[in-house]
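# Coordinate analysis (summary)
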Amino acid sequence: MRKTDKKIDNKLREGLTVVCEHALDGYPGFAWITHVVDYTTFPKSLRIICIFDTETQLTQFNQSGHKALLLTLIQRTLAQYQIDLKNINQHVSFDTETACDQQHHGNWALRLHNASSIDKNGLSKLH
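Procedures and definitions
Residues numbered from 1 in each chain as written. Predicted model: local features only at pLDDT ≥ 70, side-chain atom pairs only at ≥ 80, totals over all residues. Heavy atoms only, no water. Helix = DSSP H or I, 4+ residues; strand = E, 2+ residues; numbered from the N terminus. Polar contact = N/O pair within 3.5 Å; in protein donor to acceptor, adjacent residues only side chain to side chain. Core = buried A, V, L, I, M, F, W, Y, C linked by side-chain atoms within 4.5 Å. Buried < 20%, exposed > 50% of the residue type's maximum accessible area, 1.4 Å probe, protein only. Contact = heavy atoms within 4.5 Å. Salt bridge = Lys/Arg side-chain N within 4 Å of Asp/Glu carboxyl O. Pairing = 2+ DSSP bridges. Axes fitted to C-alpha atoms, helices over the stretch in contact; angles between N-to-C directions.

## Observations regarding the side chain of histidine 104
Considering the arrangement of structural elements, one finds histidine 104 in helix H4 (residues 97–104). Within polar-contact distance, the side chain of histidine 104 engages the side chain of arginine 111 at 2.9 Å.

Below, the structure is given as structure tokens:
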């Protein structure tokens, strides 16, 4: 990883930590947030994944209207760290602990490696 890549990664982690702390307090079932990125094509390759405990909690989150609020929070927070994402919907996916347990036996490294298999609505394509 180049020095500039490390700086970007540090900004991403700091910004997403702020988002995570807010989401943990504000959204039932929200568990954690992470990202995957190929710095040779950043920011286009940036993928942010918001993890909920269960499918039911993710469905309730999506139906509550909170999804738009969380997407706005992510976009605005990252902008404060000089990471501007024009269309936040292209960069954020949603997933659940239960789906990872069922489909990847809890192996998040493998699941995140296949992050493109999670659609924009937060539904896994890995059935």
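## Section: the nonpolar core
Counting 24 residues, the largest nonpolar core has Phe30, Ile33, Ile48, Leu70, Ile74 and Phe94 as its most contacted members. No other element matches the five residues that helix H1 (residues 3–26) contributes to this core. Setting aside anything within four residues of it in sequence, one finds phenylalanine 30 in contact with Cys20, Ala23, Leu24, Cys50, Ile51, Phe52 and Leu70. With five residues, the next largest nonpolar core counts Ile51, Cys100, Trp108 and Leu112 among its residues.

## Let's talk about the environment of cysteine 100
Tracing the backbone shows cysteine 100 in helix H4. Measuring from C-alpha to C-alpha, the distance between cysteine 100 and leucine 112 comes to 9.7 Å, with 12 residues separating the pair along the chain. Beyond its immediate stretch of four places on either side in the chain, cysteine 100 contacts His105, Gly106, Asn107, Trp108 and Arg111.

## A few points about the pattern of salt bridges
According to the stated counting rule, one finds three salt bridges in the structure shown. A salt bridge links aspartate 5 to arginine 2, with the nearest nitrogen and oxygen atoms 3.0 Å apart.

## Some details on the sheet that holds strand E2 (residues 47–52)
Strand order across the open sheet formed by three strands is E1-E2-E3, with mixed pairing between neighbours. The two strands at the open ends of the sheet, each matched to only one other strand, are strand E1 (30–36) and strand E3 (92–96). On average, adjacent strands in this sheet sit at an angle of 25 degrees to one another, irrespective of strand direction. By the bridge criterion, five bridges tie E2 to E3 in an arrangement that is parallel. Within E3, the position partnered with phenylalanine 52 by the bridge is threonine 96. Relative to E1, H1 is tilted by about 165 degrees, and along the sheet it contacts E1 and E2. Sheet contacts for H4: E1, E2 and E3; angle to E3, the most-contacted strand, approximately 70 degrees.

## Topic: the pairing of E2
Among the six residues of E2, six are classified as buried, and the element is accordingly described as predominantly covered. Where burial is concerned, the two faces of E2 agree: the one with Arg47, Ile49 and Ile51 and the one with Ile48, Cys50 and Phe52 are both buried. Bridge analysis of E1 against E2 gives six bridges, and the strand direction is antiparallel. Bridge pairing in E2 places tryptophan 32 opposite isoleucine 51.

## A closer look at the environment of isoleucine 33
Take isoleucine 33: it is sitting in strand E1. With a relative accessible area of 12%, isoleucine 33 lands in the buried category. For isoleucine 33 and glutamate 21, which are 12 residues apart along the polypeptide, the C-alpha to C-alpha distance reads 9.7 Å. Once you skip the residues sitting within four places of it in the chain, isoleucine 33 turns out to touch Leu16, Val19, Cys20, Ile48, Ile49, Cys50 and Ile74.

The values reported here are purely geometric and, on their own, carry no functional implication.
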